[in-house]
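Reading the structure
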Amino acid sequence: MQDQHQSPEPPREARSLDSQLPQTPLRRRREFEQDLLRLKLSPADTKVDILGVLSELPDLSLAEKRQLLLSVERYVLNPRSEVPARIGAVLESVLRLSRAEQNRDYALKLFRMALETLRKEDVVRQLQEPLEKLLRLYLPPNSQALFSAELFMRVSRRLEHNHEDESLIELATLGLFFFPFHGPLRELRADYNLDKGDAARARGDYERLLEQYPDQHGYLLDRAEACLKMEDYEAALDDVEAFLDEYPDDPLALKKQSECLFQLNRNIDSLKVLDRLVQLEPANPELFLQRAKVNESLDYFDEAIKDAERVLELQPGNPEAKQIRHSLMLHRQSYGMEDDIYTAFGRGDEEAVLGEAKIPEARFSDIGGLDKVKQAIRETIEYPLKYPEISSRYGKRAGGGILFFGPPGCGKTLLARAAAGECQVSFINVNLASVLDKWVGNSEKAVSMIFATARKRAPSIVFLDEVDAIGGSRSSMQSGWEKKLISQLLIELDGLTSDNDKVMVLGATNAPWEVDFALRRPGRLGRLIFVPPPGPAERAEIFKIYLNQRPLVSEDIDWSWLAQNSNNYSADAIRQVVENAATIPWRSAIETGEQRAIGMSDLKSALESTSPDLLEWEKLVRRYQEFDQQTLKRPGIGFRKSSEPSAT
Ligand code: ADP
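What you see is a predicted model, and the numbers here were worked out from it, not measured in a lab.

A word on the overall build of the chain
Looking only at helices and strands, the chain features 31 helices and five strands. The long-range share in the chain, meaning contacts at least 24 apart out of those at least 6 apart in sequence, stands at 69%. Within the structure as shown, the chain displays about 32400 Å² of accessible surface, and the carbon and sulfur contribution to it stands at 49%.

Have a look at this one:
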């Protein structure tokens, strides 16, 4: 585009005319501003001339020189200005303007811009001489330095001394144009780019250096650092590992390796590297801090706390370590890991943690209904234990876990307890959800303690309640510690089938479809048994069981009425109804002194004041049925529908 505001006068004449007149400071400043405007508005060729004249003015202040240099950047060296043909003259002006020390580094930038504006073949012809002059400005006045890579190095050392990183990068870029194979210059630029945050350019330079000097393994680490900054952890790890092939114990490389692994979520591997590093540098707080973080993300809370404490020993008050320790301690407390039980756990004191070894008093006769289930338990657990010789003759062994499923409050736990009572073996009741909560970060250790205890107390039954609590079959939903808990559980279950018949495992769940598949494999909790809600006959039986436990019950109990009117009540709810019914005459006996038996009216009003608790659960029955289509094919009793239509 043609510039409309061209100056009509030739600049040189205008200047010489102006300079004849007497100068006051105000007049001079106005004049200078006009000069700048003229420089801005004139066509490219004239610009070079105006610049030439202005740069030769003897009385320019430092600020004015700086302004002129800025104009060179804005108006002269931009790609549209078409100056390349006369760039030598432009650079001569720049040189004149940059004799003052403060402007030299800026001049370097302009030279580098010139490099970009020029065609390659013009660079040496036009740039070399003024550049050599510029570089000499950095050196002592009578320096004889010739245009060489060495000259660039000497100047760069000076810039380095003054911490002028940007100029250093400009200088190295210029130098590398002329001496592209000069390693030290390239390394210099790469290092400074890495420091300044232009990791991509640094990476490119290290790449070139590695091509040029394949035996300089140090560049591998440098390139790894650049990759790390670019968050390309895979590439970084490759470089670090290639370096470690040569120097396997190099602490710096190991640190980078552990960082890459951590970033790539390979926490266990990262931890291994850190363990090694800690041995190499046992007093380096950074390592302990890093290991605390890795331990934390692996949910190894104890270890993480220990590491954070070590950091605080070495570096009292380290804020990150404080933060980690604080939040993990809180976490532990919020999971109810009171210190005494926690230390008991640490000591391996199973009695303090799991309670004393006890054989339950419950019997199958305490359980209403569920005859088929009882029979199945007898055959899998009781008979092989009680009659080992006969059983072994028929190849029947105790064990092979059973998983009960069915609605809450209908006897799954009671069955397991009664199984232990019938067989006279000790019973260890484990709620997996609370193991997970209570021993968060250590749940797999808790599981192995539980099974170690079960083996010590053998014969014994371990009852795993709420098996579905651990993450479910959708493995993506499992947290790190759930995965660890499950894999420990699998180890323990497999151990039982192989070497110990005296520990049996029973499990329970309300939601079998949520149970991790691995746990349901044969030999583990492979046998699924449905524990259904009680039908009318069972409900009558359960009413009987609980009323029979109370001496003062009227003779005229209408069992069938109770059975018919307690549809969708779980066994547990029936127990509660009886409890509430008993409260009515008992309260009046205390208040009035008149004792009467628990009667139908009490049971009726107790029933009326509660509502069935299995209605919600009935909605799930359809899901059970679908699930059952698959599970029926497995060994076990499988699904049995409630013996009456559901009341949805
Ligand atoms: P869950 O199936 O949820 O494990 P539980 O076995 O813990 O249910 O039952 C809770 C309580 O309900 C038991 O302690 C017991 O008092 C009572 N109960 C459950 N099922 C029966 C049953 N079939 N006969 C008698 N009482 C039962």
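A few points about the site of the ligand
Near the ligand you find 17 residues, and of these Gly368, Gly409, Thr413, Leu414 and Tyr546 are the closest. Within the backbone of Gly368, one N or O atom sits 2.8 Å away from a nitrogen atom of the ligand. Lys412 is positioned such that a nitrogen or oxygen atom in its backbone is 2.9 Å from an oxygen atom of the ligand. The fraction of the free accessible surface of the ligand (550 Å²) that becomes covered by protein chains is 82%. Among the elements of the structure, α23 (412-423), α27 (536-548) and α29 (571-592) are those that each provide at least two residues to the shell around the ligand. Grouping the constituent residues of the shell around the ligand by class yields nine nonpolar, four polar and four charged.

Focus on the environment of Ser588
Here Ser588 shows up in helix α29. Beyond its immediate sequence surroundings of up to four residues, Ser588 is in contact with Gly593 and Glu594.

Here we look at a nonpolar patch on the surface
Together, Tyr383, Tyr387, Ile390 and Tyr394 give the surface a local cluster of nonpolar side chains, amounting to about 470 Å² of exposed area. You can see Tyr383 is positioned in helix α21 (residues 371-386). The partly exposed category is assigned to Tyr383, whose relative accessible area is 31%.

Considerations on the pattern of salt bridges
Counted according to the given criterion, the structure contains 31 salt bridges. Linking Arg266 and Asp269 is a salt bridge whose minimum nitrogen-to-oxygen distance equals 3.1 Å. Judged by its relative accessible area of 37%, Arg266 is partly exposed. Arg325 is paired through a salt bridge with Glu309; the nearest N and O atoms lie 4.0 Å apart. Taken together, the residues span a long stretch of sequence, with Arg325 in helix α18 (residues 319-334) and Glu309 in helix α17 (residues 301-314) at a distance of 16 residues. On the accessibility criterion, Glu309 (31% relative accessible area) is partly exposed. Taken together, the shared-partner salt bridges in this structure form one network comprising Glu92, Glu129 and Lys133.

Focus on the nonpolar core
Counting residues in each nonpolar core, the largest one holds 54 residues, and the members touching the most others are Leu68, Phe111, Leu127, Leu131 and Phe152. With eight residues, the single largest contributor to this core is helix α6 (residues 101-117). Once you skip the residues sitting within four places of it in the chain, Leu131 turns out to touch Phe111, Phe147, Phe152, Leu174 and Phe178. With 46 residues, the next largest nonpolar core counts Ala236, Val240, Tyr300 and Phe301 among its residues.

A short note on helix α15 (residues 267-280)
In a regular helix each residue adds 1.5 Å, so 14 residues correspond to 20 Å; α15 covers 20 Å between its end C-alpha atoms and thus fits that length. All buried positions along α15 are accounted for by Asn267, Ser270, Leu271, Val273, Leu274, Leu277 and Val278. Buried residues in α15, looked at end-on, bunch into an arc of 165 degrees, giving them a common side. Exposed residues on α15 whose side chains face more than 90 degrees from its buried face are Lys272 and Gln279. Here the buried face of α15 lies against α14 (251-263) and α16 (285-297).

Quick look at the sheet that holds strand β3 (residues 460-465)
Strands belonging to one sheet form pairs held by backbone hydrogen bonds; the direction of such a pair is parallel or antiparallel. Judged by pairing direction, the sheet is parallel, and its five strands sit side by side in the order β2-β3-β4-β1-β5 without closing on themselves. In this open sheet, the two edge strands, each paired with only one partner strand, are β2 (426-431) and β5 (527-530). With direction set aside, neighbouring strand axes in the sheet form an average angle of 20 degrees. As judged from the six bridges shared by β2 and β3, these two strands associate in the parallel manner.

Concerning the confidence of the model for the chain
Atomic detail in the predicted coordinates should be set aside for any region of low pLDDT. Averaged over the chain, the pLDDT score is 82; the fraction of residues at 70 or greater is 83%. Low confidence marks residues 1-14, where pLDDT is under 50. Its contacts with residues over four positions away, or in another chain, come to 13 contacts. In the predicted structure, residues 632-648 sits below a pLDDT of 50 and forms 41 contacts with residues beyond four places in sequence or in another chain.

Quick word on the packing of helix α12 (residues 218-229) against α14
In helix packing, the relevant descriptors are the interaxial angle and the interaxial distance, both defined with respect to the helix axes. Across the interface, α12 lies against α14 with an axial gap of 11 Å and an inter-helix angle of 30 degrees. Compared by their axis directions, α12 and α14 come out roughly parallel. The way α12 lies across α14 gives a crossing that is left-handed. Residues Leu221, Ala224, Glu225 and Leu228 of α12 touch α14, and the partners they reach there are Leu252, Ala253, Lys256, Glu259 and Cys260.

With respect to the pairing of strand β1 (residues 402-405)
Along β1, one buried face is formed by Ile402 and Phe404 and the opposite face, lined by Leu403 and Phe405, is buried too. Note: β1 against strand β4 (residues 503-509), four bridges, orientation parallel. From the neighbouring strand, Ile402 faces β4, where its bridge partner is Leu506. Pairing geometry for β1 and β5, over four bridges, is parallel. By the bridge assignment for β5, Phe405 is matched with Phe530.

Describing the packing of helix α7 (residues 120-136) against helix α9 (residues 165-178)
Packing of α7 against α9 brings their axes to within 11 Å, and their N-to-C directions diverge by 130 degrees. Our classification of the angle between α7 and α9 gives oblique. Between α7 and α9 lies a crossing whose hand is left-handed. Contacts from Lys120, Val123, Val124, Leu127, Gln128, Leu131 and Leu135 in α7 reach Leu171, Leu174, Phe177 and Phe178 in α9. Split by residue class, the contact of α7 with α9 holds nine nonpolar, one polar and one charged.

Scoring rules and cut-offs
Residues numbered from 1 in each chain as written. Predicted model: local features only at pLDDT ≥ 70, side-chain atom pairs only at ≥ 80, totals over all residues. Heavy atoms only, no water. Helix = DSSP H or I, 4+ residues; strand = E, 2+ residues; numbered from the N terminus. Contact = heavy atoms within 4.5 Å. Areas by Shrake-Rupley, 256 points an atom, 1.4 Å probe, with all protein chains shown as cover. Near = heavy atom within 4 Å. Polar contact = N/O pair within 3.5 Å; in protein donor to acceptor, adjacent residues only side chain to side chain. Nonpolar A, V, L, I, M, F, W, Y, C, P; charged D, E, K, R; others polar. Patch = residues over 30% accessible without salt bridge, like charges linked within 9 Å, V, L, I, M, F, W, Y side chains within 5 Å. Salt bridge = Lys/Arg side-chain N within 4 Å of Asp/Glu carboxyl O. Buried < 20%, exposed > 50% of the residue type's maximum accessible area, 1.4 Å probe, protein only. Core = buried A, V, L, I, M, F, W, Y, C linked by side-chain atoms within 4.5 Å. Expected span 1.5 Å × (residues − 1). Arc of directions from axis to C-beta. Pairing = 2+ DSSP bridges. Axes fitted to C-alpha atoms, helices over the stretch in contact; angles between N-to-C directions. pLDDT = per-residue confidence, 0-100. Parallel < 35°, antiparallel > 145°, perpendicular 65-115°, else oblique. Left-handed = near helix turned anticlockwise from the far one by under 90°.

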